[in-house]
Amino acid sequence: MSMMANPYARPVAQSPANERVAFLRKVAGLVFLGLIVASVACMACIAAILAIPALTGTIPSMIIMFGGIFGARWIGGSMVNSSSTATQLAGFAIGSGLQGAAMGFVVLMAVLLS
């Protein structure tokens, strides 16, 4: 849908400064929250892999990395596109957590191999 077809859309330059500031603060807060959730999931994944050495095998590592990425995309993405705010926030948290878990495995292997 183009901007001309949407009567509620307006260019950013035409928005008042206080609305732009409020929007950018909301975005910055969500980015910070997503990074916190991803980092906690990253550390949890690293701790689990260090505690269970069998997770470093080929198949488990692929499941952790690709499962986290695809789960974040499909599960989190479908929940974020919901009309309910609670479902959107849950999808955001699930997606951030799964991305963090996938990132945790990659970070741990990079540290161990360097």
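Residues numbered from 1 in each chain as written. Predicted model: local features only at pLDDT ≥ 70, side-chain atom pairs only at ≥ 80, totals over all residues. Heavy atoms only, no water.

Its place among the elements puts Ser 61 in helix α2 (residues 58-80). Here Gly 57 takes part through its backbone oxygen, which lies 2.9 Å from a polar atom of the side chain of Ser 61. The residues touching Ser 61, leaving out its near neighbours within four places in the chain, are Leu 55 and Phe 105. (Helix = DSSP H or I, 4+ residues; strand = E, 2+ residues; numbered from the N terminus. Polar contact = N/O pair within 3.5 Å; in protein donor to acceptor, adjacent residues only side chain to side chain. Contact = heavy atoms within 4.5 Å.)

With that settled, consider the packing of aromatic side chains. As enumerated under the stated definition, the model contains two aromatic pairs in all. Where Phe 66 meets Phe 70, the ring centres are 6.2 Å apart and the plane angle is 25 degrees; that geometry is what we call stacked. Of the two residues, Phe 66 and Phe 70 both sit in helix α2, four residues apart, roughly one turn of that helix. The partly exposed category is assigned to Phe 66, whose relative accessible area is 43%. Residue Phe 70 is classed as partly exposed on the basis of its relative accessible area, which comes to 42%. Consider the rings of Phe 70 and Trp 74, whose centres lie 5.4 Å apart with planes at 20 degrees: the pair is stacked. With Phe 70 and Trp 74 both in helix α2 and four residues apart, the pair spans about one turn of that helix. (Phe/Tyr/Trp six-rings, centres within 6.5 Å; stacked < 30°, edge-to-face > 60°. Buried < 20%, exposed > 50% of the residue type's maximum accessible area, 1.4 Å probe, protein only.)

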